[in-house]
Amino acid sequence: MFFIVDDTQCKKDRTTCRMEGLDHHFSHSDGKTVWSHSLLTPHLFSEGHSLSWDFHPYLREVFCQSHGQTFKSKNDLAIELIQSYQPLEDEQVYVLVGS
C-alpha cells in the first residue's frame, strides 16, 4: 500500500471573492501564484487502484487568526492525515510526500 500525501490548488476565477479560504497560492504546475483553495489530499494506491482518502484545506495564518481557528502548516496537516490512517495488522505501508 502506498499512502501519498500531496497538495493541490483548486483554482477559482478572480471574481470569486466571497468564498471562504481563497487566497493566492503558488501552483507548481502553473509555475506562478494562482487564486485558489489549497488542499492537502492523501491518496491510497494498491494493486493498480488509486483513491483519494480524505482532504484538509490549508488556510493561511492570517485567515485562521481572524476566524478564531488554530493555524496549521501544511506539514502539520500532512502529519495529521498520516497519523489518522490505520493500516491493517499485516499491511506494509509506504508513505510518500513531496518536498
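Everything in this summary refers to the structure shown in the same document. From a predicted model like this one, the values you see are computed outputs, not experimental measurements. Per chain, residues are indexed from 1 in the order of the written sequence. In view of the model being predicted, local features appear only for residues whose pLDDT reaches at least 70, and side-chain atom pairs are presented and counted only at 80 or more, with totals across whole chains, interfaces and linings using the full set of residues. Values shown for side chains rest on all heavy atoms present in the structure; no hydrogens or waters enter the calculation.

Section: a nonpolar patch on the surface
Taken together, the side chains of Phe2, Phe45, Tyr94 and Leu96 define a hydrophobic patch exposed on the protein surface, amounting to about 350 Å² of accessible area. Under the DSSP-based scheme used, a helix requires at least four consecutive residues in state H or I and a strand at least two consecutive residues in state E, with every element numbered from the N terminus. In this fold, Tyr94 is placed in strand S6 (residues 94-97). Patch definition: residues above 30% relative accessible area lacking any salt bridge, with like charges linked at up to 9 Å and the nonpolar side chains Val, Leu, Ile, Met, Phe, Trp and Tyr linked at up to 5 Å. Surface accessibility in these figures is a Shrake-Rupley result with a 1.4 Å probe; residues are shielded only by whichever protein chains are displayed. Salt bridges, as used here, are contacts in which a Lys or Arg side-chain nitrogen is within 4 Å of a carboxyl oxygen on Asp or Glu.

Description of unusual backbone geometry
One non-glycine residue, Glu47, lies in positive phi territory at about 50°. On the accessibility criterion, Glu47 (75% relative accessible area) is exposed. The buried label goes to any residue with under 20% of its type's maximum accessible area, the exposed label to any with over 50%, and the partly exposed label to all in between, with areas taken from a 1.4 Å probe on protein chains only.

Observations regarding the environment of Cys64
By the secondary structure assignment, Cys64 is in helix H1 (residues 61-66). Residue class for Cys64 comes out buried when judged on its relative accessible area of 3%. Between the C-alpha atom of Cys64 and that of Pro87, which follows or precedes it by 23 residues, the distance is 32 Å. Cys64 has contacts with Leu59, Gln69, Thr70 and Phe71, leaving out every residue within four places of it along the chain. Any two residues whose heavy atoms approach within 4.5 Å are treated as being in contact.

What about the pairing of strand S4 (residues 49-52)?
Whether two strands pair depends on DSSP finding at least two bridges between them. One ladder, built from 4 bridges, connects strand S3 (residues 32-46) with S4; its direction is antiparallel. Counted as the bridge partner of Phe45 is Ser50 from S4. Between S3 and S4, which pair antiparallel one after the other, the connecting turn spans 2 residues, and Glu47 there sits at a positive phi close to 50°.

Looking at the nonpolar core
Only buried residues count toward a nonpolar core, which is a set of Ala, Val, Leu, Ile, Met, Phe, Trp, Tyr and Cys residues joined through side-chain atoms within 4.5 Å. Counting 9 residues, the largest nonpolar core consists of Phe3, Val5, Leu40, Leu44, Tyr58, Leu77, Ala78, Leu81 and Tyr85. Only strand S1 (2-11), S3 and helix H2 (74-84) provide two or more residues apiece to this core. For this core, the element with the highest residue contribution is H2, accounting for 3 residues. Apart from the residues within four sequence positions on either side, Tyr58 is in contact with His25, Ser38, Leu40, Phe71, Lys72, Ser73, Lys74 and Leu77.

Points about the packing of aromatic side chains
In this description, an aromatic ring pair is defined by two values, namely the gap between the centres and the angle between the planes. For this analysis, a ring pair means two rings from Phe, Tyr or Trp (six-membered ring only for Trp) whose centres lie within 6.5 Å, classed as stacked if their planes differ by under 30 degrees, edge-to-face if by over 60, and tilted for the remaining angles. Summed over all chains, the structure comprises 6 aromatic pairs. Ring centres of Phe3 and Trp53 lie 5.7 Å apart, and the angle between their planes is 70°; on these two criteria the pair is classed as edge-to-face. Of this pair, Phe3 sits in strand S1 while Trp53 sits in the loop between S4 and strand S5 (56-58), and the two are 50 residues apart along the sequence. Overall, Phe3 belongs to the buried group, its relative accessible area being 1%. A relative accessible area of 30% places Trp53 in the partly exposed class.

Some remarks on the pattern of salt bridges
For the structure shown, the criterion picks out 4 salt bridges. Linking Asp23 and Arg60 is a salt bridge whose minimum nitrogen-to-oxygen distance equals 3.1 Å. Taken together, the residues Asp23 in strand S2 (residues 23-27) and Arg60 in the loop between S5 and H1 connect sequence positions 37 residues apart. Under the relative-accessibility criterion, Arg60 is labelled partly exposed at 30%. In this structure, Lys72 engages Glu80 in a salt bridge whose closest nitrogen and oxygen atoms are separated by 2.7 Å. On the accessibility criterion, Glu80 (30% relative accessible area) is partly exposed.

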